[in-house]
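Observations on chain architecture
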Amino acid sequence: MPADRVRLRVSNQKAYIWDIDDIATVRAKHNICGILTGTLPHLSQQNVFLGIPLVLMPEEVVMLVEKELAVIIDDPRAHHHPSADSFQRYNDERIESINLQISLTGAKEVQESTHAGRAMSDEAQRKRKAREDKKRAAALALAASGSEPLFDPTPAAAAPPAIADTPAAIPAYTVTVPASSSSLPWYAPSQSVYTTIEGARRAGVWVYPETPHERAKCGVFRGLCESGYFMGGGIRFGGDYLVYPGDPLRYHSHFVASVHDSPTSILRPMEIVAHGRLGTATKKAHLLCGWDEAKKEVAYFSIEWAGFG
Amino acid sequence: MDDSLERPSTLTSPGSADLRDQDDENSSGDEDGALDWSKLPPAPGRPVIPKRGEKDFEPSVEGGSGLQLHVLDRARAAMLEALKADRNTSSKSISYGIWYPSISRAHATVARGVHFGSMGHSVPRPAPSNAGEGSKIQKRLELLPEEALYLVERGTLFCTRESPTVKLNAPGMEDIEGAPMTVQQAFAEMIGSEGLTLEKYQVYAYLKRLGFSITRTDPPTSSYPSAQPFASVTPPTSLLQRLFSWIPSCMARIRQLFSRRFDWWKPLRIGGFFHHNQNMNSVFKSLRFIPSGHSVALQPSKNLAAQASPYKIFYNLYKPSTPFRKTAPGPPDFSLVIINARTTPMPSLHELAALFDVLPEMPPPPPRQRRPLPGDKTPAPAATPKQANELATTAQPGFTLSTLFPWAFNNKEPSQPPPQVRRPNPFVVLKSGKKSVVVAAVDTGSISFFRFGQGAFEEFPVV
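Here, residues in each chain are numbered from 1, in the same order as that chain's written sequence. A letter from A marks each chain and a number from 1 marks each ligand, given out in the order of writing. Confidence filtering applies because this is a predicted model: local features only for residues at pLDDT of at least 70, side-chain atom pairs given and counted only at 80 or more, and all residues used for totals across whole chains, interfaces and linings. Each side-chain value is worked out from all heavy atoms of the structure, with water and hydrogens disregarded.

1. Some words on a positive patch on the surface
All names here are of chain A. Defined as follows: Residues enter a patch when their relative accessible area is above 30% and they make no salt bridge; the linking distance is 9 Å between like charges and 5 Å between nonpolar side chains (Val, Leu, Ile, Met, Phe, Trp, Tyr). Calculation of accessible area relied on Shrake-Rupley with a 1.4 Å probe; when residues are assessed, cover is drawn exclusively from the protein chains displayed. One side-chain nitrogen of Lys or Arg within 4 Å of one carboxyl oxygen of Asp or Glu is enough to make a salt bridge. His is not counted, nor are the chain ends, whereas Lys and Arg count as positive and Asp and Glu as negative. Charged groups are reduced to one reference atom each: NZ for lysine, CZ for arginine, CG for aspartic acid, CD for glutamic acid. Here a strand is any run of E in DSSP of at least two residues, a helix any run of H or I of at least four, and the numbering for each starts at the N terminus. Each residue is placed in one exposure class: buried if its accessible area under a 1.4 Å probe, protein chains only, is under 20% of its type's maximum, exposed if it is over 50%, and partly exposed if it falls in between.
Judged by side-chain charge, Arg126, Lys127, Arg128, Arg131 and Lys135 come together as a positively charged surface patch. Here Arg131 is to be found in helix α5 (residues 122-144). You can call Arg131 exposed: its relative accessible area is 53%.

Here you go:
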């Protein structure tokens, strides 16, 4: 596998990027944004900021692979059964790190308890005992007076030692759910790497593009991307893509692009009106992109609501 | 470069706050969101949802000015830094599960935390027999693929993949069967099982993050507790009731046989001894000779049976405020259809009708409270004149003189219900519809929710 290419993990005909470095590479070097779709572990109850994996649009995948910038990895087949040997080694390392963690936190706790020993000091214990004695005496007096005590004070007195026992069993440690599989010794993608779309298609791992419309979308996407634009999904603006002049993190999009399969495909006047109207209302121009399969060229037309009068 | 600018945690650094102020002046108020990752607090910080930032119109010539490039780098670095956060959970609060690919379920061996209040269901499975005896049936807690994947993804569930040969040791607890699964492996294996697609999972996780409770509409197995299908909401009719309801319809058929043929050119039938006692309602009623309303069946379309419709209700949705018991979920607040926007066209009229057929009629939205009257209950819109008439006829036991000799009594309108105290605003009722379904259209990762309502225009003649 060529080492410098971005690794696209494909399962169920969907391409994910799991490596942070690869996410940085496609964004900075190849003008590819994708969509983050996972839950951010430290902000898990919101949808504004999402985390890995990065899901790519199929057009993005096709362009990256065709330009030899990325490889397709059949992810379900890249996860093997761990051999007993390698798993034993993995497990030993894991136990070791947990034990180290436990001993570290244990040392920290000892340090804290020696410093902040007020709770255990003789005076505090004497005071606590006096408080409990007083309470018990009051309860006895209450019982002697004939009324039923609401709470029996004896179990409360017996409870503290039981609680004190539990931390001795196993102190808490941090469990990490690993995100990327690359750290696992039994993850071996080398057998299931495809460097071309054709190869992946033959293996049934990746079938896009299949129809003329999908091929047209790939062509238009590549054309715009090679002119230096960034692309995002345009479904919320009535088109196929949003076209950004720079990284969408910092810049607004200028165009909503819609893809037309061929120079002779039918375009209804109502579409032009709707696109022009919607694009202008959202401070964008609508871009009609016509793909010519024979010449492998794209023709672009933009529509704006002229608004005379 | 300044060290305070190198670090993306701008919440505390005053220098970068100045930079941000400069950016704000360039804002041009766009509708597609401007994510400012640099406002995201660093990983161990308190979970505060940051505000969206502002963006520039376009990079200046030669790929952006120095300032623009610098701000962009900072935004990218902040994003990557946030993405690097680990899924760490204390061993006291993490749950454990074993993923069985053969049955597409994860067995939750240790279930901790609030999430299991609305996730997972118990399934009787043959317990592994240790002494070679006959296997015993035991109940255990199992998670659907989307439930397991969501918990793994947020770092709440440590999932291993079923494997007879390897065992994971953990201090302080029993050995766990199988090799640990990464989030990546869970995405690769759990999606695509039990009817779960990436689109469905994305919608599931999106709504879960917002706090909704979600169940499958069609139970995948008989042991999955699911809300009752809506068809059984209507009370079962006894034999006697069915007999009584059958008689009037039978009478109506006889009546049709005897009454004059309907004349398309003279729908009003004024003449003879019919013309007296005509009022507005009966005039409108006889003028409406084209069948209308959703109870009338659609014309069958030719390519209807060609392929199965992707418009199927997949999830039942319960608002966070709805009391939810996972063993006996009640009727859902919303019914959710999930489609892939790239491959699925707009629903056809037949597809929508098929969706609405299985849904229950909703009560009209409560009228806006101007001054609350005691005991003022707005009747359902079913009590409109047309349906009320039908109700009145069916309510009467069959053998009255008028049903036997309808032609002699045709001029007599059934008694109108007493005028309502306050009619619901027809436009509010029309807008909300009598039945509604939510369609989530997913394009790679952007989810758009649409609500389709079935308005009952025939019940609100605007006169």
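2. Focus: the UniProt feature "domain: tRNA intron endonuclease catalytic" (unreviewed entry) in chain A
Threshold: UniProt positions are given in the numbering used here, feature names are shortened, and annotations may be inferred rather than shown by experiment.
Residues annotated in UniProt with the feature "domain: tRNA intron endonuclease catalytic" (unreviewed entry) correspond here to residues 217-295 of chain A. This span, residues 217-295 of chain A, is 29% helix and 28% strand, and a straight line between its end C-alpha atoms measures 15 Å.

3. Details of the UniProt feature "active site" (unreviewed entry) in chain A
Residue and element names in this part refer to chain A. Per the UniProt record, "active site" (unreviewed entry) is annotated on Tyr244, His252 and Lys284. These annotated residues cover 41 residues of sequence, and their C-alpha atoms lie no more than 10.4 Å from one another, placing them together at a single site. Mapped onto the elements of the fold, His252 is located in the loop between β9 (241-244) and β10 (255-260). You can see Lys284 is positioned in the loop between α9 (269-281) and β11 (285-292). Owing to a relative accessible area of 3%, Lys284 belongs among the buried residues under this scheme.

4. So, the pattern of salt bridges
Taken as a whole, this structure holds 25 salt bridges over all chains when the rule is applied. The shortest N-O distance in the salt bridge between A:Asp74 and A:Arg77 comes to 3.2 Å. The exposure class assigned to A:Arg77 is partly exposed, which follows from its relative accessible area of 47%. Connected through salt bridges with shared partners, the residues A:Glu59, A:Lys217, A:Asp240, B:Arg342 and B:Asp443 form a single ionic network.

5. Considerations on the interface of chain A and chain B
For clarity, the threshold we go by: In this analysis, two residues are considered to be in contact whenever any of their non-hydrogen atoms come within 4.5 Å of each other. Put simply, buried area is how much 1.4 Å-probe accessible surface two parts lose in total, over both of them, once they are put together. Two N or O atoms count as a polar contact when they lie within 3.5 Å, although within protein this holds only if one can serve as hydrogen donor and the other as acceptor, and sequence-adjacent residues are included solely when both atoms are side-chain atoms.
If you look at the interface, chain A gives 86 residues, while chain B gives 89 residues. Taking both partners together, chain A and chain B bury about 7,800 Å²; carbon and sulfur atoms supply 60% of that area. Among the residues of chain A in contact with chain B, A:Phe49, A:Arg250 and A:His252 are the three that bury the most area, contributing 11% of the side total. For the interface between chain A and chain B, the tally reads three salt bridges. B:Glu199 is the salt-bridge partner of A:Lys14, the closest N and O atoms lying 3.3 Å from each other. At the surface where chain A touches chain B, the tally comes to 27 residue pairs in polar contact (both at pLDDT 80 or more). No other element matches the eight residues that helix α4 (residues 84-115) of chain A contributes to the side of chain A that touches chain B.

6. Observations concerning the nonpolar core
Spelled out, the test is: Buried Ala, Val, Leu, Ile, Met, Phe, Trp, Tyr and Cys residues that are joined via side-chain atoms within 4.5 Å together make up what is termed a nonpolar core.
One finds A:Ile72, A:Trp206, B:Trp37, B:Leu83, B:Leu143, B:Phe187 and B:Tyr201 to be the most contacted residues of the largest nonpolar core, which totals 117 residues. With twelve residues, the next largest nonpolar core counts B:Val337, B:Leu352, B:Val437 and B:Ala441 among its residues.

7. A word on the sheet that holds strand β13 (residues 435-443) of chain B
Residues and elements named next belong to chain B. Threshold: Paired strands are those between which DSSP finds at least two bridges. Here an angle of 0 to 180 degrees is reported between the N-to-C directions of two axes, which are lines fitted to C-alpha atoms, with helices fitted over the stretch in contact.
Judged by pairing direction, the sheet is mixed, and its five strands sit side by side in the order β10-β11-β12-β13-β14 without closing on themselves. Two strands bound the open sheet, and with one partner strand each, they are β10 (213-216) and β14 (446-454). Sheet twist, expressed as the average angle between the axes of neighbouring strands with direction ignored, equals 30 degrees. In this sheet, strand β11 (residues 313-318) lies alongside β10 in antiparallel orientation, the contact comprising four bridges. When the bridges of β11 are listed, Arg216 appears paired with Tyr315. Sheet strands in contact with helix α6 (residues 198-209) are β10, β11, β12 (334-340), β13 and β14, and its direction is about 140 degrees off that of β12.

8. Digging into the domain arrangement of chain A
Under the convention used in this document: In this entry, domain limits derive from an automatic or database-based domain assignment.
Each assigned domain of chain A is listed here: domain 1 (1-80 + 188-208), domain 2 (93-116 + 175-185) and domain 3 (209-304). Placing the centre of domain 2 of chain A and that of domain 3 of chain A at their C-alpha centroids yields a distance of 52 Å.

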